[in-house]
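Spelled out, the chains give:
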Amino acid sequence: KAALWLGRRPRGLAITTSSGGNGAMAADAAFAGGIPLARISPEGQRRMRELVPACAPGNPIDMTGATN
């Protein structure tokens, strides 16, 4: 729905959550809507780990409960 609101399809969507389960559901919904997930660069993943060492910086990005 966000892509429709923008009037265009994004090249890639980054999903950030504090729960792996919610991230997986959002990724499934993006896939079902034909919206690809963005690739997170190695540099971006490294920077995320500096900020939240326990995070899983793939996409969807699971920032864990450390961000609540």
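Being a predicted model, the structure only gives us computed values, none of them experimental.

(A) Geometry of the overall build of the protein chain. Secondary structure summary: the protein chain contains three helices and two strands in total. Mapped from its N terminus to its C terminus, the protein chain presents α and β elements in the order α-β-α-α-β. Going through the 68 residues of the protein chain one by one, you find that 25% of them count as buried. Partitioning the contacts of the protein chain with sequence separation of at least 6, the portion at a separation of at least 24 is 49%. Accessible surface computed for the protein chain: about 4,900 Å², of which carbon and sulfur atoms make up 58%.

(B) Structural view of helix α2 (residues 20-32). With 13 residues, α2 should cover 18 Å at 1.5 Å per step; its first-to-last C-alpha distance of 18 Å lies within 8% of that length. Among all positions in α2, only Gly23, Ala27 and Ala30 are buried. End-on, the buried residues of α2 take up no more than an arc of 60°, which puts them together on one face. Structural note: α2 exposes Met25, Asp28, Ala29 and Ala32 on the side pointing more than 90 degrees away from its buried face. In the core, the buried residues of α2 are packed alongside β1 (16-17). Positive phi appears at glycine 34, one or two residues downstream of α2, with a value of about 75°.

(C) Inspection of the side chain of aspartate 62 at higher detail. Summarising the element assignment, aspartate 62 is placed in strand β2 (residues 61-62). For aspartate 62, which is buried and forms no salt bridge, the nearest opposite charge comes from arginine 49, at a distance of 12 Å. Engagement of the side chain of aspartate 62 in a polar contact is seen with the backbone nitrogen of glycine 20, the distance being 3.4 Å. What aspartate 62 contacts, discounting residues up to four positions off in sequence, is Thr17, Ser18, Ser19, Gly20, Cys55 and Ala56.

(D) View of unusual backbone geometry. Here the residue pair asparagine 59 and proline 60 is connected by a cis peptide bond, since its omega of 20° sits within 30 degrees of zero. Locating proline 60 in the fold gives a position in the loop between α3 (42-51) and β2.

Cut-offs applied
Residues numbered from 1 in each chain as written. Predicted model: local features only at pLDDT ≥ 70, side-chain atom pairs only at ≥ 80, totals over all residues. Heavy atoms only, no water. Helix = DSSP H or I, 4+ residues; strand = E, 2+ residues; numbered from the N terminus. Buried < 20%, exposed > 50% of the residue type's maximum accessible area, 1.4 Å probe, protein only. Contact = heavy atoms within 4.5 Å. Areas by Shrake-Rupley, 256 points an atom, 1.4 Å probe, with all protein chains shown as cover. Expected span 1.5 Å × (residues − 1). Arc of directions from axis to C-beta. Lys, Arg positive; Asp, Glu negative; His and termini not counted. Salt bridge = Lys/Arg side-chain N within 4 Å of Asp/Glu carboxyl O. Polar contact = N/O pair within 3.5 Å; in protein donor to acceptor, adjacent residues only side chain to side chain.

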